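# Architecture and fold: a report
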Amino acid sequence: MSKTDWKAEAKALKKKLKKKVATLTAQLEEAAETAKDRAEDLAEAAVAAVKKAAKPVSPLAPAAFPVLPVIKGAAFSAVGAGIKYQNRRDVMLVSLCPGTTVAGVFTRSSTRSGCVRDCQEKLAMKVPADAGAAIVVNSGNSNAFTGKIGDEAVAEVTGSAAAALGLPASRVFSSSTGVIGEPLPFEKITAVMPALVEGLTEEAIQSAAEAIMTTDTFPKGASAVIEGEGGPIHISGIAKGSGMIAPDMATMLVYIFTDAKISAANLKKMLSRNVDETFNSITVDSDTSTSDTLLLCATGQSAAAEVKATGPVANAFEAALRSVMMDLAHQVVKDGEGATKFVEIRVTGAASAEDALRIGKSIADSPLVKTALAGQDPNWGRIVAAIGKSGAAADRDKLRITFGDLIVAEKGWRNPDYCEEDGAAYFRRSELVIGVDLGMGRAKRSIWTCDLTSRYIEINADYRS
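Looking up the protein chain in an unreviewed UniProt entry gives the name Arginine biosynthesis bifunctional protein ArgJ, with the organism given as Gemmobacter nanjingensis. Per its UniProt entry, the protein chain bears the Sequence similarities (unreviewed entry) comment "Belongs to the ArgJ family." Note on the protein chain: under the UniProt heading Subcellular location (unreviewed entry), the record states "Cytoplasm".

Next up, the structure:
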């Protein structure tokens, strides 16, 4: 090979190597960019997952779950069955002693779940002498609109509890809450029934409250104690509810227990008299559920004499029951999905009770009012509009609107002494009272609601994922 040929070949090799290096460099840069993009995607997904898992607690939540008095004759247990949620309790069991009386109220939805229909049928049956009772509840699946297989699932769950506790199946009540239209994997519940029975204790009511949560951000409990004839009478209640909340019970599960001696008939009367102005007077989003259930159970284990239909003790007991129901109802609204404001719509001076309810609901359910609350905008014109669309009797010149103690509008127009800055300052509070006096009569009604924030959209857009 000549000297010239060697130089030419070396030059060619150098050129080829340089080209190869450039190609490899480009490939490495592309791979690095792809890896960077992938890492960013993973980081974003991780952040999103953390945010979703964190599920921040409502700013309106109580400081802690209350200490509820033990109800003798009522034992609770809760375990994880993996129905939808992982690494958390999602099934609870309540065992109630022989002689327990039970009353209930339920959703009036025409598409109510198999659990609701089963409870209604069982409460209409004749109760076997000295029979106990039980309640089984799962979260993560509502077992609603699931056809005959849904009814079979109810039978399997209640039958399993009945066999484990030695009860007639007619005395086991069940509830399910969660996604509609998905078959309930009842075998996951029956598989954990031995563990539920083994874990029963009178002190586990908070665990039961936690097991029934879905989009709730905190467990809900309330209690009361009164002095009966011969000893104290205790009441303890738990509830779940956060979204799909509207009168006709809201999407709620509520279980209230007392050690009072009281007949099922008297229990039912007291419950029915107080449900409209408590659980049927709250709304988060105007949507009514298929699964709403309120069961009130009296074990009769108090040393106090029987609570009769009338008398001082009956009055005190009913007032205490109402206070527990109201407390739980308010907690449901305070846990409204994305809520930052707890608001009472206080309607007075209505021509009829029906008109008071119509106006209260019209304001409380108005997206325009609720978004104004979220934006801390005292836009009282939206309240005027909600009154007008309600269909209730109203007269412009008799109407008065207040924000707390602030008189906003009266005698047909804005109050000349009202200052917008004062209204804006009031709307910055976390708890508000919007007053509407119609000047048409003596009827009144309060409806409790919350604001509508972007968080509500996030929760419900992501509900099934």
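This part is about the UniProt feature "binding site: substrate" (unreviewed entry) in the protein chain. Using the residue numbers shown here, the UniProt feature "binding site: substrate" (unreviewed entry) corresponds to Thr 214, Lys 240, Thr 251, Glu 337, Asn 460 and Ser 465. Inspection of the secondary structure puts Lys 240 in strand S7 (residues 231-240).

Before going further, it helps to spend a moment on the environment of Ala 155. When you line up the elements, Ala 155 lands in helix H3 (residues 147-165). C-alpha separation for the pair Ala 155 and Asp 118, spaced 37 residues apart in sequence, amounts to 8.8 Å.

As a further point, take the pattern of salt bridges. Enumeration over the complete set of coordinates arrives at 13 salt bridges. Here Arg 358 and Asp 355 are joined by a salt bridge, their closest N and O atoms 2.6 Å apart. Note that Arg 358 and Asp 355 are positioned in helix H9 (residues 353-365) at a spacing of three residues, about one turn of the helix. Residue classification places Arg 358 among the partly exposed positions, given a relative accessible area of 42%.

Before going further, it helps to examine the packing of aromatic side chains. Per the counting criterion, the structure on display carries two aromatic pairs. Note on Phe 76 and Phe 257: the rings are 5.2 Å apart at their centroids and 85° apart in plane angle, and the pair reads as edge-to-face. Here Phe 76, found in strand S1 (residues 74-79), pairs with Phe 257, found in strand S8 (residues 253-258); they are 181 residues apart in sequence, far enough to count as distant. Phe 257 shares its class with Phe 76; the two are buried.

Right, let's talk about the sheet that holds strand S5 (residues 172-179) for a bit. Here four strands make up an open sheet; going across it, the order is S1-S2-S4-S5 and the pairing mixed. The open sheet terminates on both sides in strands that have one partner only, identified here as S1 and S5. Within this sheet the neighbouring strands show an average axis-to-axis angle of 10°, counted without direction. As judged from the six bridges shared by strand S2 (residues 91-96) and strand S4 (residues 133-141), these two strands associate in the antiparallel manner. Counted as the bridge partner of Ser 95 is Ala 134 from S4. Where H3 meets the sheet, it contacts S2, S4 and S5, and its direction lies at approximately 135° from that of S5.

Further remarks concern the pairing of strand S12 (residues 406-410). Relative to S12, strand S11 (residues 400-403) is paired through four bridges, and the arrangement is antiparallel. Directly across from Phe 403, in S12, lies its bridge partner Leu 406. Counting the residues that bridge the hairpin from S11 to S12 gives two residues, and of these Gly 404 lies at a positive phi of roughly 60°. Connecting S12 to the antiparallel partner strand S13 (residues 413-414) that follows it, the hairpin turn spans two residues, and Lys 411 within it adopts a positive phi of roughly 55°.

With that settled, consider helix H10 (residues 367-374). Among all positions in H10, only Val 369, Lys 370, Ala 372 and Leu 373 are buried. For H10, the angular spread of the buried residues around the axis is 160°, confining them to a single face. Turning to H10, the residues buried within the fold contact strand S10 (342-350), H9, helix H11 (380-389), helix H12 (420-427), strand S14 (431-437) and strand S15 (443-450).

Ranked by size, the top nonpolar core spans 43 residues in total, and within it Ile 256, Phe 279, Val 307 and Phe 317 carry the most contacts. Where this core is concerned, the elements lending two or more residues are strand S3 (101-106), strand S6 (220-228), S7, S8, helix H7 (264-275), strand S9 (293-298), helix H8 (312-334) and S15. Those residues in contact with Val 307 that sit more than four places away from it in its chain are Ile 233, Ala 260, Lys 261, Ile 262, Asn 266, Met 270, Val 313, Ala 314 and Phe 317.

Quick look at unusual backbone geometry now. The phi dihedral of Asp 130 is positive, around 55°, even though this residue is not glycine. Here Asp 130 is to be found in the loop between helix H2 (114-123) and S4. When its relative accessible area of 65% is taken as the criterion, Asp 130 is described as exposed.

With mixed pairing, five strands are arranged side by side in an open sheet as S3-S9-S8-S7-S6. Each having just a single partner strand, S3 and S6 make up the two edges of the open sheet. On average, each strand axis in the sheet is tilted by 15° relative to the strand beside it, whichever way the strands run. One ladder, built from six bridges, connects S3 with S9; its direction is antiparallel. Directly across from Thr 101, in S9, lies its bridge partner Ala 298. Contacts from H8 reach S6, S7, S8 and S9, with the element oriented near 170° to S6.

The buried count for S15 comes to seven of eight residues, which makes it a mostly enclosed element. Note: S10 against S15, seven bridges, orientation antiparallel. In the strand pairing of S15, Ala 350 is matched with Ala 443.

Reading guide: rules and limits
- Starting from 1, residues in each chain are numbered consecutively following that chain's sequence as written.
- Where totals are concerned, whole chains, interfaces and linings use all residues; where local detail is concerned, this predicted model gives features only for residues with pLDDT of at least 70, and gives and counts side-chain atom pairs only at 80 or more.
- Excluded from the side-chain calculation are hydrogens and water; included are all heavy atoms of the structure.
- UniProt positions are given in the numbering used here, feature names are shortened, and annotations may be inferred rather than shown by experiment.
- Under the DSSP-based scheme used, a helix requires at least four consecutive residues in state H or I and a strand at least two consecutive residues in state E, with every element numbered from the N terminus.
- The rule for a salt bridge is simple: a side-chain nitrogen of Lys or Arg has to be within 4 Å of a carboxyl oxygen of Asp or Glu.
- Each residue is placed in one exposure class: buried if its accessible area under a 1.4 Å probe, protein chains only, is under 20% of its type's maximum, exposed if it is over 50%, and partly exposed if it falls in between.
- Here is the rule: rings of Phe, Tyr and Trp (six-membered ring for Trp) pair when centre to centre is within 6.5 Å. Planes less than 30 degrees apart are stacked, more than 60 are edge-to-face, and the remainder are tilted.
- Strands were regarded as paired on the criterion that DSSP finds at least two bridges between them.
- Interaxial angles span 0 to 180 degrees and are taken between N-to-C directions of axes, which are lines fitted to C-alpha atoms, for helices over the stretch in contact.
- Residues count as neighbours in contact if any of their non-hydrogen atoms are within 4.5 Å of one another.
- This arc is built from the directions going out from the helix axis to the C-beta atoms.
- In this description, a nonpolar core means a group of buried Ala, Val, Leu, Ile, Met, Phe, Trp, Tyr and Cys residues linked to one another through side-chain atoms lying within 4.5 Å.

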